[in-house]
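# An overview of the molecular structure
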Amino acid sequence: MSAQRLDGKARAARLLGEVEQRVGACTERGVRPCLAVVLVGDDPASQVYVRSKEKRAAEIGIEARDHRLPATTTTDELLALVAALNADRTVDGILVQLPLPPQCDTQRILLAVDPAKDVDGFHPDNLGRLMLGQPRFVACTPQGCMLLLADAGLPLAGARALVIGRSTIVGKPMTQLLVHADATVTTAHSRTRDLAAEVARADVVVAAIGRPEFVRGEWIKPGAVVIDVGMNRLADGRLVGDVEFSAAEARASAITPVPGGVGPMTIACLLNNVVLAAERRAGLS
Ligand SMILES: NC(=O)C1=CN([C@@H]2O[C@H](COP(=O)(O)OP(=O)(O)OC[C@H]3O[C@@H](n4cnc5c(N)ncnc54)[C@H](OP(=O)(O)O)[C@@H]3O)[C@@H](O)[C@H]2O)C=CC1
Ligand SMILES: Nc1nc(=O)c2c([nH]1)NC[C@@H]1CN(c3ccc(C(=O)N[C@@H](CCC(=O)O)C(=O)O)cc3)C=[N+]21
Ligand SMILES: [Mg+2]
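Here the structure is a predicted model, which is why all the values come from computation and not from measurement.

## Comments concerning the overall build of the protein chain
A count of helical and extended segments in the protein chain gives 10 helices and 11 strands. A compact globule built from 285 residues would reach a C-alpha radius of gyration of about 19 Å, and the protein chain, at 19 Å, matches this within 12%. Counting only C-alpha atoms, the protein chain reaches 50 × 40 × 40 Å along its principal axes. Across the 285 residues of the protein chain, 46% fall into the buried class. Nonlocal contacts in the protein chain, meaning residues at least 24 apart in sequence, comprise 71% of its contacts between residues at least 6 apart.

## A word on the sheet that holds strand β1 (residues 4-5)
Sheet strands pair via backbone hydrogen bonds, and the direction of the pair is either parallel or antiparallel. Strand order in the open sheet formed by six strands is β1-β11-β8-β7-β5-β6, with parallel pairing between adjacent strands. The open sheet has two edge strands, β1 and β6 (184-188), and neither has a second partner. Inspection of the sheet shows strand β7 (residues 204-207) paired to strand β8 (residues 225-228) by four bridges, in the parallel sense. Within the sheet, the bridge partner assigned to Ala207 lies in β8 and is Asp228.

## Considering the UniProt feature "binding site: NADP(+)" (unreviewed entry) in the protein chain
Following the UniProt record, one finds the feature "binding site: NADP(+)" (unreviewed entry) at Gly165, Arg166 and Ser167. Its location among the elements puts Arg166 in the loop between β5 (160-164) and α7 (171-180). In this structure, Arg166 is in contact with Gly171, Lys172, Thr187 and His189, ignoring residues within four places of it in sequence. Structurally, the position occupied by Ser167 is in the loop between β5 and α7. Judged by C-beta crowding, with 16 C-beta atoms within 10 Å, Ser167 ranks as partly exposed. Among all residues touching Ser167, those that are not within four sequence positions of it are Lys172 and Ala208.

## Re the pairing of β8
In β8, alternate side chains face the same way, and those of Val225 and Ile227 on one face and Val226 and Asp228 on the other are all buried. Judged from the two bridges that link them, β8 and strand β11 (residues 254-255) form a sheet pairing that is parallel. Looking at the pairing, Val225 lines up with Ala254 of β11.

## A few points about the site of ligand 2
Residues in contact with ligand 2 amount to 18 residues; listed here are only the nearest, Leu98, Pro259, Gly260, Gly263 and Thr266. Elements with a minimum of two residues in the shell around ligand 2: α2 (44-59), β4 (93-96) and α10 (262-281). Ranked by the residues each element gives to the shell around ligand 2, the list is headed by α10, at four residues. Taken together, the residues that form the shell around ligand 2 break down as 12 nonpolar, five polar and one charged. The residue makeup of the shell around ligand 2 includes at least three contributed by each of domain 1 (30-115) and domain 2 (140-263).

## Describing the site of ligand 1
Neighbouring residues of ligand 1: 25 residues in total, closest Gly165, Ser167, Ser190, Gly210 and Thr266. The biggest single contributor to the shell around ligand 1 is α10, with three residues.

## Things to note about α2
Spanning 16 residues, α2 covers 23 Å between terminal C-alpha atoms, matching the ideal 22 Å at 1.5 Å per step. Buried within α2 we find Lys53, Arg56 and Ala57. Angular distribution of buried residues about the axis of α2 spans 105°; they occupy a single face of the element. Exposed residues lying more than 90 degrees from the buried face of α2 are Pro44, Val48, Lys55, Ala58 and Glu59. The inward-facing, buried residues of α2 abut α1 (8-28), β2 (34-40), β3 (63-69) and α10. Following α2 by one or two positions, Gly61 adopts a phi angle in the positive range, close to 85°.

## Details of the packing of helix α6 (residues 140-152) against α7
To characterise two packed helices, one gives the angle between the axes of the helices and the distance between these axes. It is the contact of α6 with α7, at a shortest axis distance of 8 Å, that shows an interaxial angle of 40°. For the element pair α6 / α7, the angle class is oblique. The way α6 lies across α7 gives a crossing that is right-handed. Contact residues: Pro142, Cys145 and Met146 in α6; Pro173, Met174 and Leu177 in α7. Within the contact of α6 with α7, the residues separate by chemical class into six nonpolar, no polar and no charged.

## What about the sheet that holds β4?
Pairing is parallel in the open sheet, where three strands are placed in the order β3-β2-β4. Of all strands in the sheet, those bounded by a partner on one side alone are β3 and β4. Put simply, the sheet's adjacent strands are angled 15° from each other on average, direction ignored. Of the strand pairs in this sheet, β2 and β4 are connected by four bridges, and their pairing is parallel. From the neighbouring strand, Ala36 faces β4, where its bridge partner is Ile94.

Rules used throughout
Residues numbered from 1 in each chain as written. Chains lettered and ligands numbered in written order. Predicted model: local features only at pLDDT ≥ 70, side-chain atom pairs only at ≥ 80, totals over all residues. Helix = DSSP H or I, 4+ residues; strand = E, 2+ residues; numbered from the N terminus. Rg over C-alpha atoms; globule rule 2.2 N^0.38 Å. Buried ≥ 20, exposed ≤ 12 C-beta atoms within 10 Å, placed from the backbone. Contact = placed C-beta atoms within 7 Å. Pairing = 2+ DSSP bridges. UniProt positions renumbered as here; feature names shortened; annotations may be inferred. Near = placed C-beta within 6 Å. Nonpolar A, V, L, I, M, F, W, Y, C, P; charged D, E, K, R; others polar. Domains from an automatic or database assignment. Expected span 1.5 Å × (residues − 1). Arc of directions from axis to C-beta. Axes fitted to C-alpha atoms, helices over the stretch in contact; angles between N-to-C directions. Parallel < 35°, antiparallel > 145°, perpendicular 65-115°, else oblique. Left-handed = near helix turned anticlockwise from the far one by under 90°.

Now the structure itself:
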């Protein structure tokens, strides 16, 4: 058996087509959807991500405004920029690219973003609403994973789901979304005693660890659906996920590739959140 590949590139293109229609409706009402991107320092991976997001935005008529700041930027300087973007009525969404340099107080800065412009879904208000089952902006990567899971066709209600990772940006919101989809969810992390045994009984595995091919293919339950969030750059330049892809593919019923899986979905869901914010400004929602 070989798994169905969950093609995130194609699924993202479809979502972006829908978002583009909605961008058009806003623009007709005189509201040009606009995303402000704040990038501090010169981390090469962050630059790649920001560039590809701005390219996708331009393709569908969303304005992306770049704010590039030196690696020495202070918390106060960032707070002042965020306050200006909050007050700017032409800005619909604000994205502060993470990670920030160590001298910046990340929690304080994320808390300062207007929750109505928090298209990453990282503000405590938006995380709390997700917890209540009344989401406003849902974090983009978990949102994208849910869309790919829907393509796999496996009913989530009653399924055993395993989320590996408990970060605020991926693991925790992913666990919440699966709980609300009526899965029976386990969250694993670095203190989990027997990860192989947890994986072996899961009908759905979402891996968000940040360690190349850490989840062995032989752990996967035959027929399981595997969503690989990991993005690991190897010394030879190859990009691999957190799952041993070739061995997992032989056992799973469906699996996301890296690249071309979750990554493109994250960007499409971000722009989906931007148009949601713009629709409110345009009086369309
Ligand atoms: N495709 C995309 O769009 C995106 C991809 N990513 C990628 O996803 C991965 C995870 O990102 P992120 O959540 O930000 O990472 P973090 O480093 O914030 O979190 C990693 C999580 O993995 C857990 N972990 C570490 N080692 C183990 C282990 N041996 N066994 C089980 N769990 C372990 C950690 O546990 P503990 O809490 O105990 O430390 C932690 O909860 C990265 O590769 C990142 O690049 C991230 C965002 C978007
Ligand atoms: N405020 C904030 N919001 C984020 O959403 C955010 C962030 N900070 N910091 C970093 C992580 C990482 N992330 C990625 C998104 C898309 C790809 C992506 O498109 N990847 C391509 C491959 C890219 C390549 O080849 O290098 C793919 O998987 O096919 C990757 C990584 C968003 N993040
Ligand atoms: Mg990917």
